[in-house]
Amino acid sequence: MRDTDPSIDRARAAASIETPDPDHADHVAFLALRLFDQLREPLALPPEGRDLLAAAALWHDCGQFRSLADHHRHSFDRIMALPLRGFDRTQQLMIATIARYHRAAEPSLAHPQFKRLPPRERHLVEQLAALLRIAEGLDASHQRFVKDLTVEITDDSVIISVHSETYPTLEIEKAQARSSLFRNVFGKQVTVRWARLP
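Residues numbered from 1 in each chain as written. Predicted model: local features only at pLDDT ≥ 70, side-chain atom pairs only at ≥ 80, totals over all residues. Heavy atoms only, no water.

Draft legend 1. Geometry of the overall build of the protein chain. The helix and strand inventory of the protein chain stands at 9 helices and 3 strands. Its C-alpha radius of gyration of 16 Å places the protein chain within 12% of the 16 Å reference for a compact globule of 198 residues. Oriented by its inertia axes, the alpha-carbon framework of the protein chain measures out at about 45 × 35 × 30 Å. Within the protein chain, the proportion of its 198 residues that are buried is 53%. Taking contacts inside the protein chain between residues at least 6 apart in sequence as the whole, the part at least 24 apart equals 69%. (Helix = DSSP H or I, 4+ residues; strand = E, 2+ residues; numbered from the N terminus. Rg over C-alpha atoms; globule rule 2.2 N^0.38 Å. Buried < 20%, exposed > 50% of the residue type's maximum accessible area, 1.4 Å probe, protein only. Contact = heavy atoms within 4.5 Å.)

In structure tokens, the structure reads:
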């Protein structure tokens, strides 16, 4: 069992939002925070983004109870509909918007919920949504095959080594396919590769 994480604990204390697969949500949050912690310094991610990413990752699929096809939009609505203890309304909007962008369309000023945010907060949403999209891809099968990850950074690329006992074909394909927002936001290509667990 993993040690408790302060960002996860803060999200759980803020609200109890049901998701259809809690184990998947927990694992996506773990992987998203592993990405954040290894990329925070080289990509100058603001520390306050960690708690927002944890909450968005935990609740990204909560909209599936209403609709599977459009669940990202319904996740936004569900997160905005409930009070989040310990987060202000701007932070709540950011969490909901990050969750909304875990799949499908990328952030756009054509989307009212994104446009409502100040420019600095919009940029942070883009950064964190880019991490969440990759983390969600890394548990695409909902089987938690990827046990951990490590990151290497060069001037123009990020290499994500995913630690798994067997080759996680679907997870690598999905994470790679969902890396375009990361490339657009950070200006770095993403390569996802397997690192076999002993």
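Draft legend 2. Focus on the packing of helix 1 (residues 6-14) against helix 3 (residues 49-59). For the pair helix 1 and helix 3, interaxial distance at closest approach is 8 Å and the crossing angle is 60 degrees. The angle between the axes of helix 1 and helix 3 places the two elements in the oblique class. Seen along the crossing, helix 1 lies across helix 3 with a hand that is right-handed. For the pair helix 1 and helix 3, contact is made by Ser7, Ile8, Arg10, Ala11, Arg12 and Ala14 and by Arg50, Asp51, Ala54, Ala55, Leu58 and Trp59, respectively. In terms of residue class, the contact of helix 1 with helix 3 is built from 7 nonpolar, 1 polar and 4 charged. (Axes fitted to C-alpha atoms, helices over the stretch in contact; angles between N-to-C directions. Parallel < 35°, antiparallel > 145°, perpendicular 65-115°, else oblique. Left-handed = near helix turned anticlockwise from the far one by under 90°. Nonpolar A, V, L, I, M, F, W, Y, C, P; charged D, E, K, R; others polar.)

Draft legend 3. Structural view of the packing of helix 3 against helix 5 (residues 89-100). At a closest axis distance of 8 Å, the pairing of helix 3 and helix 5 adopts a crossing angle of 50 degrees. Between helix 3 and helix 5, the interaxial angle falls into the category oblique. For the pair helix 3 and helix 5, the sense of crossing is right-handed. Contacts between helix 3 and helix 5 involve Leu52, Ala55, Ala56 and Trp59 on the former and, on the latter, Gln91, Met94, Ile95, Ile98 and Ala99. Here the contact of helix 3 with helix 5 is built from residues that sort into 8 nonpolar, 1 polar and no charged.

Draft legend 4. Quick peek at unusual backbone geometry. The phi torsion at Ala44 lies on the positive side, around 55 degrees, for a residue other than glycine. Positionally, Ala44 belongs in the loop between helix 2 (22-39) and helix 3. Positive phi values are uncommon outside glycine, yet His142 reaches one of about 60 degrees. Examined against the element boundaries, His142 turns out to sit in the loop between helix 7 (119-137) and strand 1 (148-153).

Draft legend 5. Broad picture of the packing of aromatic side chains. Evaluation of the coordinates by the stated rule reveals 3 aromatic pairs. Consider the rings of Tyr101 and Phe114, whose centres lie 5.9 Å apart with planes at 90 degrees: the pair is edge-to-face. Of the two residues, Tyr101 sits in the loop between helix 5 and helix 6 (112-115) while Phe114 sits in helix 6, which places them 13 residues apart along the sequence. The pair formed by Tyr101 and Phe114 is uniform in burial state, with each residue classed as buried. Between the aromatic rings of Tyr167 and Trp194, the centroid separation amounts to 5.5 Å while the plane-to-plane angle is 85 degrees, which identifies the pairing as edge-to-face. (Phe/Tyr/Trp six-rings, centres within 6.5 Å; stacked < 30°, edge-to-face > 60°.)

Draft legend 6. Representation of empty space enclosed by the protein. Taken as a whole and assessed by the stated rule, the structure comprises 1 cavity of 30 Å³ or more. Leu35, Leu39, Leu131, Ile134, Val158, Ile160, Phe182 and Val190 together form the lining of the largest cavity. Of all the secondary-structure elements, those providing two or more residues to the lining of the largest cavity are helix 2, helix 7 and strand 2 (157-164). Looking at the lining of the largest cavity residue by residue, the classes come out as 8 nonpolar, no polar and no charged. (1 Å grid on protein atoms, 1.4 Å probe; cavity = no way out; pocket = protein on both sides within 12 Å on 5 of 7 lines; lining within 4 Å. Points joined across faces, edges and corners; volume = space filled by probe spheres on them.)

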